[in-house]
Amino acid sequence: MPLSTEKTLPEPHFVEAALPLPFRHTFTYALPEQMRGRARIGARIIVPFGKRSLTGYIVGLLPSFEETPLLKLSDIKDVIELADTEPLLTPEIMELAKWTADYYAASWGEVLKASLPAGINAAVEQFFTITEKGRIALAAAAKPGLAKWKLLAAVKAEGELSRRELGKEFGESAARRITRELLRDGLLALSERSLASKVRPKFRKAVRLLGKTIGPDDKPFTAAQQAIVDALEDAGGEMLFTELTEAADAGASPITTLAKRGFVQVYVQEVLRDPLADADRREREAITLNAEQSFVLSEIEKGLEGREYKGYLLHGVTGSGKTEVYMRAMRSAMEMGRSSLMLVPEIALTPIFSRRLRAVFGHDVAILHSNLSPGERFDEWRRIRSGDAKIVIGTRSAVFAPLQNVGLIIVDEEHDSSYRQNESPFYGARDVAVKRAHAADAVIVLGSATPALETFFNAQNGKYQYLQLQNRIGGRPLAKAELIDMRDVFRRAGKDVVFSPQLIEAIEETHAKGEQSIILLNRRGFSSFVLCRSCGETLRCKNCDITLTYHKRDGKLECHYCNYTTQTPDACPFCESEFLYFLGRGTEQLEDILARKFSHLRITRIDRDTMSRKGELTKALLAFDKGEIDMLVGTQILAKGHDFHNVTLVGVVSVDTGLGLPDFRSAERTFQLLTQVAGRAGRGDLPGRVLIQTYYPEHYALKFAAEQDFEGFYNAEIRYRQRLGYPPFMAIASIMLKHRDEAYAMKSARILRDSLDRANPEKQLRILGPAQASIARIKNEFRLQIIIKSESRKSLRTILDTALAEAEARGCDRRIVQVEIDPVNLM
């Protein structure tokens, strides 16, 4: 049902607001008289909620309010502030967010917040001031050294302090406790006010020529003034102030004088922050499509010409030229007056491809991902919102980009789990993209060399038209893949080794020929865990039920779930033994071993530890592409979509780890990872080779990956899914209950399980749990899980919604319940 607009309503007195809280319902607020003519659907508002204020989103305008037994007119609070004069949210994005919230049992307000660029929402800050009673009490304090008197004195000295400032000074927990006590005793007063959003347009001083010429009575220009005028004329009459002073090699004084004399004007202009400002603008060489590409493109263009929804699965082997097809399809959409959206799973895939798009489409291209600065992201979003950008490339959240007249949506590497948002609000960007294409009468292309089983199953059943690219560009062969049985290597070496002799020899041969290599291990750090050889204890995170990972460069142990770090001890903290054993391996250890073994090679590690700073990842990938780096060592980020023509060797270490995870998709993920990383080799004129080290070479996922046989893997895996009742044959929901008190979480879990059973008398759902999750505690919260399966998605949602409502009424704490529809993993 379409959203109502203000045109159909008389003078609104109330608004319906979606708040970024884990509630699925909306909230009603009264509009003060001065706001009634200015409120718009899609605009942000500041509203009171409990003891705080929040930024919400207007989703409805109401001329009147009807009381109910549960809600009286006197209960309705006033809107504090209208944050927008014009709505930020378009009707299309609001509809899409509403569908997303409904489908994934998420909060509409949280989805709306996720659809906007980070930092755009106005923050509401709490400020503390000392009362007269507080001043008297502070003067009479017998022990002024106590923390509460110190805090009170700090507030008095500054006049007012924010909660954030007090948290920094006294610690967040202590500040909360002390301020609560001082507010209760009337020694502090609390007020709130909204702060400006963290991002705003950027303005810089500029200079323009006014066209005035020197008359006979005018004083001649000085050399510096003439240089200013010449530089402006060369630039077309306008320049930024700082760029002008550099170009003319002059200071500010001659510009000021010229302005006083009326020859130039100094003004302030907005400057867009362009994340592709340093992109290479060289023209691309003309590429001729092969017969397969031409056929695929013609089918997509037929869909575009139809101007109605059409879905395609583009199944192309690695290196088959899917990217060129995407770009031609974007060009066709643009010629038809329609815009295009392309989603990629990782930030790592945007630098090179977005530069290609900029070279072809110029400033019609915008990019959106979390590695942009807040200012860059804000400016790109505004260019999209205004219609200046016709093509958008971005990661998961770009599915909500406010593009106008969308005609084409491309989801590259559609199988990738990165498209899943793994925190509230939970959603899958691929499926949201399909819905957006439906709503916009647009074409959607789901592309992959290893399609998700559900996507391939849907294509086989006619939901998507199946298109295939079976051959690499130029007839290049797929890289030759080999499984190396590490059990044999262990027997011959008499010990566990990181690199097999075959892989070491292949590295030497590859680099002797001036070619490049990639070494993959999907685990960062130096050692996976630390074991005491005396007492057998492992060093574990204090907040999570997980071992700490050793990072040698920092000399620290780190939890990869909550980021807790601690110094590496010299002795076991349990028995004080000095015999600590560092077990397992990560990318840092691989880099260390390879750097010692091949000291003449330029080796760079690509993982979250080394690429945390803005621009570092892009810089490293571009350097590798130019041949300035010989070898990349890293995690799965290296497996996705990169096109490096001089890479002829890919080595995969410890591939078995992924197969051992307690998740029904573990075999599929391992097959996809190996096939994708194998596709990085041999993409140029030289043949590629892939060496996969494993202790389980008999596993079907590894065998089919080595053969690069997708259909063979699909047929084997789909039989397991059907027999065990997993997608695509069953719809699944995962319910996670999290709380610091395990007994409290279990109480709510049992109420919810009982409510599920009561709502499921005909056993349409199979319900498992509650039980401890695979990782029983993360960030100091115990995790209990209930898994629901059903052949009918509609039945699953109906019964689940009924049970959640009943459970909440019976005492289940809904705040600790997280529901995931179609989870990509069950851990």
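1. Overview of the overall build of the chain
Helix and strand content of the chain: 25 helices and 35 strands. For 827 residues, the compact-globule estimate of 2.2 N^0.38 gives 28 Å, and the chain sits close to it at 31 Å. By principal-axis analysis of the C-alpha atoms, the chain measures approximately 85 × 80 × 65 Å. Within the chain, the proportion of its 827 residues that are buried is 52%.

2. Some thoughts on the sheet that holds strand S3 (residues 44–49)
Adjacent strands of a sheet form backbone hydrogen bonds with each other and so pair up, either parallel or antiparallel. Strand order in the open sheet made by the 5 strands is S2-S1-S4-S3-S5, with antiparallel pairing throughout. Each edge of the open sheet is held by one strand with a lone partner, namely strand S2 (27–30) and strand S5 (81–82). Lying on the sheet, helix H2 (residues 108–115) is in contact with strand S1 (14–18) and strand S4 (52–62); it crosses S4 at an angle near 100°.

3. Comments concerning helix H8 (residues 241–248)
Residues spaced three or four apart along an α-helix face the same direction, because each turn holds 3.6 residues. Of the positions making up H8, those classed as buried are Phe241, Leu244, Thr245 and Ala248. Within H8, the buried residues cover an arc of 95° as seen down the axis, which keeps them to one side. Across from the buried face of H8, at angles greater than 90 degrees, the exposed residues are Glu246 and Ala247. Tucked into the core, H8 has its buried residues touching strand S9 (203–209), helix H7 (223–234), strand S10 (238–240), helix H9 (253–260) and strand S11 (264–270).

4. Section: the packing of helix H24 (residues 742–759) against helix H25 (residues 793–809)
In a pair of packed helices, the angle between the axes and the distance between the axes together describe the arrangement. Put simply, H24 and H25 touch, their axes get as near as 8 Å, and they point 130° apart. By the angle class used here, H24 and H25 are oblique. As H24 packs across H25, the resulting crossing turns out to be right-handed. Along its contact with H24, which presents Ile751, Leu752, Ser755, Leu756, Arg758 and Ala759, the element H25 presents Ile799, Leu800, Thr802, Ala803, Leu804, Glu806 and Ala807. Of the residues in the contact of H24 with H25, the class split is 9 nonpolar, 2 polar and 2 charged.

5. Overview of the packing of aromatic side chains
Applying the stated criterion across every chain, the model contains 21 aromatic pairs. Ring centres of tryptophan 99 and tyrosine 104 lie 6.5 Å apart, and the angle between their planes is 90°; on these two criteria the pair is classed as edge-to-face. The class of tyrosine 104 is buried, set by a relative accessible area of 1%. An angle of 85° between the planes, with centres 5.0 Å apart, marks the rings of phenylalanine 221 and phenylalanine 263 as edge-to-face. Pair noted here: phenylalanine 221 is in the loop between S9 and H7 and phenylalanine 263 is in the loop between H9 and S11, with a separation of 42 residues, a long-range link. Neither phenylalanine 221 nor phenylalanine 263 differs from the other in exposure class; each is buried. Members of the aromatic cluster, connected to one another through ring pairs, are Phe456, Tyr466, Phe671, Tyr700, Phe710, Phe713, Tyr714 and Tyr720. Residue placement shows lysine 98 over the ring face of tryptophan 108; its charged tip is 5.3 Å from the ring centre.

6. Looking at the sheet that holds S10
Spatially, 3 strands are ordered S10-S9-S11 in an open sheet, and the strand pairing comes out antiparallel. Two strands bound the open sheet, and with one partner strand each, they are S10 and S11. Each neighbouring strand pair of the sheet contributes to a mean axis angle of 30°, computed without reference to strand direction. For S9 and S11, the ladder comprises 7 bridges, and the chain directions are antiparallel. Residue pairing for S11: phenylalanine 203 is matched across the bridge by glutamate 270.

7. A short note on the nonpolar core
Among the nonpolar cores identified, the biggest contains 137 residues, and Ile735 and Leu800 are the most heavily contacted of them. Broken down by element, this core gets its largest block of residues, 7 residues, from H24. When neighbours within four sequence positions are excluded, leucine 800 is seen to be in contact with Ala733, Ile735, Leu756, Ile788, Val819 and Ile821. Formed by 29 residues, the second largest nonpolar core is a distinct cluster that contains Ile300, Leu314, Val443 and Leu467.

8. A few points about the pattern of salt bridges
The tally for this structure, following the rule as stated, stands at 40 salt bridges. The salt bridge involving aspartate 592 is made with lysine 552; its shortest N-O contact spans 3.8 Å. With aspartate 592 in helix H18 (residues 587–597) and lysine 552 in the loop between strand S24 (549–551) and strand S25 (556–558), this pair connects stretches of sequence that are 40 residues apart. Look at aspartate 592 and you get partly exposed, because its relative accessible area is 23%. Given a relative accessible area of 41%, lysine 552 falls into the partly exposed group.

9. Remarks on unusual backbone geometry
Generally, phi is negative for residues other than glycine and the peptide bonds are trans, each holding for most cases. Along the chain, serine 424 connects to proline 425 via a cis peptide bond; the corresponding omega equals 5°. One can find proline 425 in the loop between strand S17 (420–421) and strand S18 (427–428). Note that the residue after glycine 769, namely proline 770, is joined by a cis bond; omega there is 15°. Position of proline 770 among the secondary structure elements: in strand S33 (residues 766–778). For asparagine 780, which is not a glycine, the phi torsion comes out positive at approximately 65°. Located in the positive-phi region is aspartate 822, a residue other than glycine, with phi close to 55°. Position of aspartate 822 among the secondary structure elements: in the segment after strand S35 (817–821).

The rules behind each value
- Residues numbered from 1 in each chain as written.
- Predicted model: local features only at pLDDT ≥ 70, side-chain atom pairs only at ≥ 80, totals over all residues.
- Heavy atoms only, no water.
- Helix = DSSP H or I, 4+ residues; strand = E, 2+ residues; numbered from the N terminus.
- Rg over C-alpha atoms; globule rule 2.2 N^0.38 Å.
- Buried < 20%, exposed > 50% of the residue type's maximum accessible area, 1.4 Å probe, protein only.
- Pairing = 2+ DSSP bridges.
- Contact = heavy atoms within 4.5 Å.
- Axes fitted to C-alpha atoms, helices over the stretch in contact; angles between N-to-C directions.
- Arc of directions from axis to C-beta.
- Parallel < 35°, antiparallel > 145°, perpendicular 65-115°, else oblique.
- Left-handed = near helix turned anticlockwise from the far one by under 90°.
- Nonpolar A, V, L, I, M, F, W, Y, C, P; charged D, E, K, R; others polar.
- Phe/Tyr/Trp six-rings, centres within 6.5 Å; stacked < 30°, edge-to-face > 60°.
- Lys NZ or Arg CZ within 6 Å of the ring centre and 35° of its normal.
- Core = buried A, V, L, I, M, F, W, Y, C linked by side-chain atoms within 4.5 Å.
- Salt bridge = Lys/Arg side-chain N within 4 Å of Asp/Glu carboxyl O.

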